[in-house]
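# Structure at a glance
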Amino acid sequence: MADFETPALTEFQLVPHIKKGSMAHSQTFAAKPEFQEDLGFPGELEEGWEDVAVKKLGELTTKYRGLKVFLDSCVKCGACTDKCHYYLGTADPLNMPVARQDLLRSVYRRYYTFAGKYFPWLVGARKMTKGMLDKWYCYFHQCSQCRRCSVFCPYGIDTAEISMAAREIMDAVSVGQKYCNEIIGKVYKIGNNLGLPEKALVNTLEGLEEDVKDETGIDVRFPVDQAGADVLLITPSADFFAEPHIDGLIGYGKVFHQAGINWTLSSHASEAGNFGMFIGSYENMRRVALRIREAALDLKVKRIVVGECGHAWRVAYSFWNTLIGVGHGGNDPYAKALQQQLDPNYPAPQHIIELTYDLIQKGALTLDKSANDDQRVTFHDSCNVARASRMGTMPGGQFVLPREVIKSSVNHYFDMAPETIHENTFCCGGGGGILTDDLIEIRVKGAQPRMQALMDVVQEYDVNYLAAICAICKSQFSKVLPYYKFPMDMIGSVHGLVSNAIQLGAKQ
Amino acid sequence: MSVSLVYAVLFYAATAILVGGLIYRIRVYARTPVPLKIPTTPAPTTRTGVLFRMFREITVFESLFKSNKWIWLFGWLFHFTMLLVLLRHLRYFTHPVWFWVDLIQPFGIYAGFGMAAGLLGLWARRFLVDRVRYISSLSDHLMLILLIAIAITGLLMSFVPEWRTDIVALKAFMLGLLYFDWQPLPEDPMLMIHLGLVATLMMIFPISKLLHAPGVFFSPTRNQIDNPREKRLLSAWAAKLESSE
């Protein structure tokens, strides 16, 4: 990995002048042929791949209306050009959302539009070549699919959709990313992204029960594969042992315990994350999610609750009903087979924040805020929770509920600047398949706008705890905070705060 | 008479291409499946809410306003003065002229200046802002030039006495096209340039980025209701995956 400079934090967020090619060297490791084949993709770039790629592009525009409309509608107004955290952190013009889209749009125009076919020089249409493929591989792996650009586009053009399509086309000609595709392979073989087998999972959870018992004197259970439990918890596998994720898992366990909810994890579906979305593959996204349907049917649970995970919550909230029938309102036999089993009094799926929030509202939990008095907390809205999902019944509940849960658990809470939170939130810099060491430079640089906003609240309010509800955000911040001279343990789970504050034992 | 014939054919062709092209495009958009729920959230949870969201996007360019006040100012100014100008032009195609078109007339006349100003502002950004300069291709410049030329030729005919045309004869020509009772076109150079440019714009509309006009109505990030947990969305091709198991 080449050396690089961590962007400077300044008095306020600057929009840099373009520096052509400043991230052109970024290369994420390629997936080996055998891993590509596990996912149903070819292993090697074969003669005539250009035609395959162009055909795949055409096919996708007939399967996804969004993609087709987005490719046709851009007027190059420039509204998105200063909105991407990767552009702000790198100044590479190909990290401007419109320019990133144009890598694909120029090929679409060349093969699928009148103007592009006959007047390519006029509209910037380009042929599918190896050079173009390399550019795609470079810059579509500098997009975290955070959707910030889509908030600001007058036509709602979402670069995430374009980068998913690009990655799917690349996979169709064998060019896949090691990080995403090997992880998906692990889910198929073992059941989670980390490749944590059932036995190790059970041992880890038993250890966790002992730790909590030692610390609190209370038997908080972390059950696995308990058929007949009311609630199935689907959480990112990082929650099982990564720091600070595990504090969140302990928090969920304490909440379930205190509310008297009969819950279970599943060793078959021990992963909330769904990297099928990152690579834009509906088939793989569905196949990853199917394990959850199977586990829910096997264990005969009535509710499905999802742990703190951003892109996972997007897939769960927005896509599970479509992909695997986890939801309500399905009329077809496939959906009904599961939905008749699910309790109609609860949303399906439900976010752990929604569950904890409801319990707090009902007075079912006793929280001692003073237990967190050494914490001065701010909250990072995770991109996919903020812009691709909801919590509660009100639009924008995804901003309100986590903050209410935090404020019920701490005395000192401070928001970051309004242009950097809620729907305007900046991605942590590691989402959408970027959270790998071979992409550390773009991760660090892409974190700059969030770090800038964080510095402001650190200076103004002495904030020392950055709370998040996403496994990727937590891992990413642990890694990049030190680059910006913040302590790495500043990042924590929202349910880590709940865990500190919750009073276990009999209610008075 | 030959010039009139050329323009008559040109306008029939331009209208056919514009209407046919747009119908084709809209059919393609409408028939392309939307397999997943992808509204940019927070999004409305009801159909009425979505209609209101779309209404704000189309009338006040809500997202653009959030994004960049300069682009919003120039873009909004251009689009809405153009709307006034277009509505004002209905007087050349209707007889008798509808009363509300008469009401718009005084504003519509001056709106042409707003159009030109908005367009020049947008064009200036393509030179002055390095990010926008980078993303502009030749066609982006030409499109602005075309629109500016239409606005300026129109303004010259309205405000410079030497370039005025015989508006009564022009109206007779246009009504003649509509009712297949062909009349001669006044052979004034400014009018012919203006009409030629307008016909060009009509013809490239369905094959250019002007497709953003129908496109915005079909954008799933804006027109979807946020209710995935309550209602199951399943497209035909995705349903096939289920039945093949």
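Worth saying up front: this structure is predicted, and the values here are computed from it rather than measured.

Another point: the domain arrangement of chain B. Residues and elements named next belong to chain B. Each assigned domain of chain B is listed here: domain 1 (1–63 + 168–228) and domain 2 (68–164). For domain 1 versus domain 2, the separation of C-alpha centres amounts to 16 Å. Contacts between the two partners involve 21 residues from domain 1, matched on the other side by 25 residues from domain 2. For the pairing of domain 1 and domain 2, the buried interface totals around 2000 Å² over both sides, and the portion due to carbon and sulfur atoms is 74%. Where lysine 209 meets aspartate 140, a salt bridge forms, and the shortest distance between an N and an O atom there is 3.0 Å. Taken together, domain 1 and domain 2 are joined by eight residue pairs in polar contact (both at pLDDT 80 or more). Elements that contribute at least two residues to the side of domain 1 that touches domain 2 include exactly α2 (47–60), α8 (167–179) and α9 (189–204). Looking at the side of domain 1 that touches domain 2, the element that brings in the most residues is α9, giving eight residues.

Take the environment of Met202(B) next. All names here are of chain B. For methionine 202, the position within the fold is in helix α9. As for methionine 202 and tryptophan 100, which are separated by 102 residues in sequence, their C-alpha atoms are 25 Å apart. What methionine 202 contacts, discounting residues up to four positions off in sequence, is Phe11, Ala14, Thr15 and Leu18.

Negative charge collects at one region of the surface, where Glu206(A), Glu210(A), Asp211(A), Asp214(A), Glu215(A), Glu243(A) and Asp247(A) lie side by side. Checked against the element boundaries, Glu215(A) lands in helix α12 (residues 198–216).

The subject of this paragraph is the interface of chain B and chain A. Between chain B and chain A, the residue contacts involve 59 residues of the former and 87 residues of the latter. Interface area for chain B against chain A, summed over the two sides, is near 5900 Å², with a carbon-plus-sulfur share of 57%. Considering only the surface of chain B that becomes buried against chain A, Arg131(B), Arg229(B) and Arg232(B) emerge as the three largest contributors, covering 16% of it. Where chain B touches chain A, the interface holds six salt bridges. With a shortest N-O distance of 2.6 Å, Arg390(A) and Asp226(B) are connected by a salt bridge. Looking at the side of chain B that touches chain A, the elements with two or more residues in it are α1 (2–31), α3 (62–67), α6 (130–135), α7 (138–159), α10 (212–215), α11 (220–223) and α12 (236–243) of chain B. Counting residues per element, the side of chain B that touches chain A draws most heavily on α6(B), at five residues. Classifying every residue of the side of chain B that touches chain A gives 29 nonpolar, 13 polar and 17 charged.

This part takes up a nonpolar patch on the surface. Taken together, the side chains of Phe114(A), Tyr118(A), Phe119(A), Trp121(A), Leu138(B), Leu142(B), Ile145(B) and Ile207(B) define a hydrophobic patch exposed on the protein surface, amounting to about 800 Å² of accessible area. Mapped onto the nonpolar patch, the elements with two or more residues apiece are α6 (114–118) of chain A together with α7 of chain B. Counting residues per element, the nonpolar patch draws most heavily on α7(B), at three residues. Locating Leu138(B) in the fold gives a position in helix α7.

It is worth spelling out the nonpolar core at this point. Trp136(A), Phe256(A) and Trp320(A) are the most contacted members of the largest nonpolar core, which has 177 residues in total. Contacts of Phe256(A), omitting those with residues within four sequence positions, involve Val231(A), Leu233(A), Ile261(A), Trp263(A), Val305(A), Ile352(A) and Leu355(A). In terms of nonpolar packing, the next biggest core, distinct from the first, is built from 46 residues, Leu64(B), Trp72(B), Leu201(B) and Met202(B) among them.

For an interface, size is often stated in terms of accessible area lost upon the parts coming together. Residue and element names in this part refer to chain A. Taken domain by domain, chain A comprises domain 1 (33–176), domain 2 (191–353) and domain 3 (366–501). Computed from C-alpha atoms alone, the centre-to-centre distance between domain 1 and domain 3 is 30 Å. In this complex, domain 1 contributes 18 residues to the contact, which on the side of domain 3 involves 22 residues. Carbon and sulfur atoms supply 61% of the area buried between domain 1 and domain 3, which totals about 1500 Å² over both sides.

All names here are of chain A. At a minimum axis distance of 10 Å, the contact between helix α3 (residues 65–73) and helix α10 (residues 159–172) shows a crossing angle of 110°. One finds that α3 runs roughly perpendicular with respect to α10. Each of Leu67, Phe70 and Leu71 in α3 lies in contact with α10, whose residues at this interface are Glu161, Ile162 and Ala165.

Residues and elements named next belong to chain A. In contact at an axis separation of 10 Å, helix α5 (residues 97–112) and helix α8 (residues 130–139) are set at 150° when each is read in the N-to-C sense. Taken together, the axis directions place α5 and α8 in an arrangement best described as roughly antiparallel. Between α5 and α8 lies a crossing whose hand is left-handed. Facing Arg100, Leu103, Leu104, Ser106 and Val107 of α5, the residues of α8 in contact are Met132, Lys135, Trp136 and Tyr139. A breakdown of the residues in the contact of α5 with α8 according to their chemical character gives six nonpolar, one polar and two charged.

This part covers helix α23 (residues 494–501) of chain A. Residue and element names in this part refer to chain A. Within α23, seven of the eight residues are buried, which leaves the element mostly enclosed by the surrounding structure. Val494, His495, Gly496, Leu497, Val498, Ser499 and Ala501 are the residues of α23 that are buried. On its buried side, α23 packs onto α13 (245–259), α17 (352–361), β5 (377–379), α19 (397–409), β6 (465–468) and β7 (491–493).

So, about the sheet that holds strand β3 (residues 303–306) of chain A. Residue and element names in this part refer to chain A. Strand order in the open sheet formed by four strands is β2-β1-β3-β4, and the pairing between neighbours is parallel. The sheet is open, and its two borders are formed by β2 (263–264) and β4 (350–351), each paired with just one other strand. One ladder, built from two bridges, connects strand β1 (residues 231–234) with β2; its direction is parallel. Across the sheet, the residue bridging to valine 231 is tryptophan 263, located in β2. Along the sheet, helix α14 (residues 282–299) contacts β1, β2 and β3; its crossing angle with β1, the most-contacted strand, is approximately 155°. Its contacts with the sheet place helix α15 (residues 310–324) against β1, β3 and β4, and it is angled at close to 145° to β3.

Turning next to the pairing of β3(A). Residues and elements named next belong to chain A. Along β3, one buried face is formed by Arg303 and Val305 and the opposite face, lined by Ile304 and Val306, is buried too. Examined bridge by bridge, β1 and β3 share four bridges and lie parallel to one another. Note that in β3 the partner of leucine 233 across the bridge is valine 305. Sheet analysis places β3 next to β4, joined by two bridges and oriented parallel.

So, how was this worked out
Every residue gets a number counted from 1 within its own chain, in the order that chain's sequence is written. For naming, the first written chain is A and the first written ligand is 1, with later ones following in the order written. Reporting in this predicted model follows two pLDDT cut-offs: at least 70 for local features of residues, and 80 or more for side-chain atom pairs to be given and counted; totals over whole chains, interfaces and linings ignore these cut-offs and use all residues. Side-chain metrics in this entry use all non-hydrogen atoms of the structure; hydrogen atoms and water are not considered. Where each domain begins and ends follows an automated or database-derived domain assignment. Here, residues are in contact when the closest pair of their heavy atoms is within 4.5 Å. When two components associate, each loses some accessible surface as probed by a 1.4 Å sphere; the sum of these losses over both components is called the buried area. Throughout this description, the term salt bridge denotes a Lys or Arg side-chain nitrogen within 4 Å of a carboxyl oxygen of Asp or Glu. Distance and chemistry together define a polar contact, namely a pair of N or O atoms within 3.5 Å, with one atom able to donate a hydrogen and the other to accept it when in protein, and with adjacent residues in sequence counting only for side-chain atoms on both sides. Put simply, DSSP marks the helices as runs of H or I at least four residues long and the strands as runs of E at least two long, and each gets a number from the N terminus on. Residues form patches when they are more than 30% accessible in relative terms and have no salt bridge. Like charges link within 9 Å. Nonpolar side chains (Val, Leu, Ile, Met, Phe, Trp, Tyr) link within 5 Å. Surface exposure here means Shrake-Rupley accessible area, sampled with a 1.4 Å probe, where a residue is shielded only by the protein chains that are shown. His is not counted, nor are the chain ends, whereas Lys and Arg count as positive and Asp and Glu as negative. By convention, charge coordinates are those of NZ in Lys, CZ in Arg, CG in Asp, or CD in Glu. Residue type decides the class: Asp, Glu, Lys and Arg count as charged, Ala, Val, Leu, Ile, Met, Phe, Trp, Tyr, Cys and Pro as nonpolar, and the leftover types, Gly among them, as polar. Joining through side-chain atoms within 4.5 Å is the link that ties buried Ala, Val, Leu, Ile, Met, Phe, Trp, Tyr and Cys residues into a set, and such a set is a nonpolar core. Each residue is placed in one exposure class: buried if its accessible area under a 1.4 Å probe, protein chains only, is under 20% of its type's maximum, exposed if it is over 50%, and partly exposed if it falls in between. Helix axes are fitted only over the stretch in contact, all axes being lines through C-alpha atoms; the angle between N-to-C directions runs from 0 to 180 degrees. Our angle categories are set so that under 35 degrees counts as roughly parallel, over 145 as roughly antiparallel, 65 to 115 as roughly perpendicular, and the remainder as oblique. Handedness of a crossing is defined here by the sense of rotation of the near helix relative to the far one, left-handed for an anticlockwise turn of less than a right angle and right-handed for a clockwise turn. Strands pair, by our definition, only if DSSP identifies at least two bridges between them.

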